[in-house]
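Descriptive structure summary
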Amino acid sequence: MLEKGVKAPNFELNATPDQKIKLKDFLGKNVILAFYPADWSPVCSDQMALYNEMLKYFTKHDAQIFGVSVDSVWCHLAFEKDRKLHFPLLADFEPKGAVSKAYGVYDEKLGESKRALFVIDKEGKIVWSYLSPTAVNPGADGILEALEALDKK
Amino acid sequence: MSTLKPEVNSKDHVQGSDSASITIVEFGDYQCPYCGDAYPIIKEIQDAFGNQIKFVFRNFPLQKSHELAYPAAIAAEAAALQDKFWEMHDAIYENQYRLTDQLFNELAEKIGLNTEQFQEDSLSDEIKQKVEDDFESGVRSGVNGTPSFYVNGTKFDGGATDLYQMLKESTE
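Everything in this summary refers to the structure shown in the same document. (Residues numbered from 1 in each chain as written. Chains lettered and ligands numbered in written order. Predicted model: local features only at pLDDT ≥ 70, side-chain atom pairs only at ≥ 80, totals over all residues. Heavy atoms only, no water.)

**Describing the sheet that holds strand β3 (residues 53-59) of chain B**
Residues and elements named next belong to chain B. Pairing within the open sheet is mixed, and its five strands lie in the order β1-β3-β2-β4-β5. At either end of the open sheet lies a strand with only one pairing partner, and these are β1 (13-16) and β5 (154-156). The mean inter-strand angle of the sheet, taken between neighbouring strand axes irrespective of direction, is 25 degrees. Inspection of the sheet shows strand β2 (residues 22-28) paired to β3 by seven bridges, in the parallel sense. The residue bridging Glu26 from the neighbouring strand is Phe57, located in β3. (Pairing = 2+ DSSP bridges. Helix = DSSP H or I, 4+ residues; strand = E, 2+ residues; numbered from the N terminus. Axes fitted to C-alpha atoms, helices over the stretch in contact; angles between N-to-C directions.)

**Points about unusual backbone geometry**
A cis amide bond links Glu94 of chain A to the next residue, Pro95 of chain A, at an omega of -5 degrees. Within the element layout of this structure, Pro95 of chain A appears in the loop between β5 (89-91) and α4 (98-102). Of the consecutive residues Lys5 of chain B and Pro6 of chain B, the connecting peptide bond is found in the cis state with omega at -15 degrees. Tracing the chain through its elements places Pro6 of chain B in the segment before β1. Of note, Asn152 of chain B is a non-glycine position whose phi angle comes to about 45 degrees, a positive value. Within the secondary structure, Asn152 of chain B sits in the loop between β4 (148-151) and β5.

**Section: the environment of Gly142 of chain B**
Secondary-structure assignment places Gly142 of chain B in the loop between α6 (125-140) and β4. When the C-alpha atoms of Gly142 of chain B and Lys155 of chain B are compared, they prove to be 8.0 Å apart, with 13 residues separating the residues in sequence. Excluding residues within four positions of it along the chain, Gly142 of chain B makes contact with Asp141 of chain A together with Ser2, Tyr150 and Lys155 of chain B. (Contact = heavy atoms within 4.5 Å.)

**Concerning the pattern of salt bridges**
A side chain with one charge can pair with a side chain of the opposite charge if their charged atoms come near. The final tally for this structure, using the stated rule, is 12 salt bridges over all chains. A salt bridge links Lys122 of chain A to Asp62 of chain A; the nearest nitrogen and oxygen atoms lie 3.2 Å apart. On the criterion of sequence distance, the pair formed by Lys122 of chain A in the loop between β8 (115-120) and β9 (126-132) and Asp62 of chain A in the loop between α2 (55-60) and β4 (63-69) is long-range, its members being 60 residues apart. Glu77 of chain B serves as the salt-bridge partner of Lys130 of chain B, at 4.0 Å between the closest nitrogen and oxygen. Pair noted here: Lys130 of chain B is in helix α6 and Glu77 of chain B is in helix α2 (residues 69-80), with a separation of 53 residues, a long-range link. Glu77 of chain B matches Lys130 of chain B in its accessibility class, with the two residues each being buried. Through salt bridges that share partners, Lys29, Asp62 and Lys122 of chain A make up one connected network. (Salt bridge = Lys/Arg side-chain N within 4 Å of Asp/Glu carboxyl O. Buried < 20%, exposed > 50% of the residue type's maximum accessible area, 1.4 Å probe, protein only.)

**Quick look at the packing of aromatic side chains**
Residue and element names in this part refer to chain B. Counted under the stated rule, the structure contains 20 aromatic pairs over all chains. Note on Phe27 and Phe60: the rings are 6.3 Å apart at their centroids and 85 degrees apart in plane angle, and the pair reads as edge-to-face. One end of the pair, Phe27, is in strand β2; the other, Phe60, is in the loop between β3 and α2, and 33 residues separate them in sequence. For the pair Phe27 and Phe60, a shared accessibility class is recorded, and that class is buried. The structure contains a cluster of three or more aromatic residues connected by ring pairs, namely Tyr30, Tyr39, Phe55, Phe57, Phe85, Trp86 and Tyr93. (Phe/Tyr/Trp six-rings, centres within 6.5 Å; stacked < 30°, edge-to-face > 60°.)

**So, the packing of helix α1 (residues 33-49) of chain B against helix α7 (residues 160-171) of chain B**
Residue and element names in this part refer to chain B. Where α1 contacts α7, the axes come no closer than 9 Å and their chain directions differ by 15 degrees. Taken together, the axes of α1 and α7 lie roughly parallel to each other. In the packing of α1 onto α7, the handedness of the crossing is left-handed. Contact residues: Ala38, Ile41, Ile42, Glu44, Ile45, Ala48 and Phe49 in α1; Ala160, Thr161, Leu163, Tyr164, Leu167, Lys168 and Thr171 in α7. (Parallel < 35°, antiparallel > 145°, perpendicular 65-115°, else oblique. Left-handed = near helix turned anticlockwise from the far one by under 90°.)

Okay, here's the thing in structure tokens:
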């Protein structure tokens, strides 16, 4: 897993069938990447639902969050609509898991992304990363602390 | 290990004895079915352990998932201004199956609130701030879903039934 201090590998992933997100376009903004195994986990303990509630906190720290899993854009669209998510989910779909692998958070056995968080600063450098046990939703306290540390710099 | 931030304080709604050795804090959402399931179990825990337990409820409404979670939290906090937080808290969970935005006024009347005052208080900034402060305290404490429980300031990894089991074992 990529650690603090490393330059975040650039990527280009689809957020919708006709919209690609390039990490390098977000230089000048803080970025949060939340890798997770799959769409459609149970509602009230869902990690993405929690981040959805926290967008105003992320905005306050000039940060954009992206969810990343190996689900397809169509699956992501249905999931976003069902859960009323207001931030992009990226499809690490083809070649499968390539970005997850580049960040060192791909589970080869399950064929899914691990549950991992990265905070990337405005210069595109990883300033905080965290690997959570797959069954445990890591919450958001670590992300907030990392963003607050960036504000103090 | 996630810990409760800030610690239990005078702004919290607390049930039980000051001298209790175990403090349980729940971060809950009034529309969350798992919180609804936890509600009677918490009552059982309080019955079983009596003075040993202090129980605190903080709001963690997942507004985007549950559109009535926030108005419900507001209703309970508005009731608190008339010293009836727990009456409203209980009434909402007991009527969770028929939650609508009309329900809160009905419940306010039922538990004997001054309903005019209740409606006015429901719009106040002070009440909104309380709910938002609770939510933020949850985020900082590492809440990752609802309900989340803290026992003596440390996050408990499990639901209400697991909590009951743990308490039984630890007091045996």
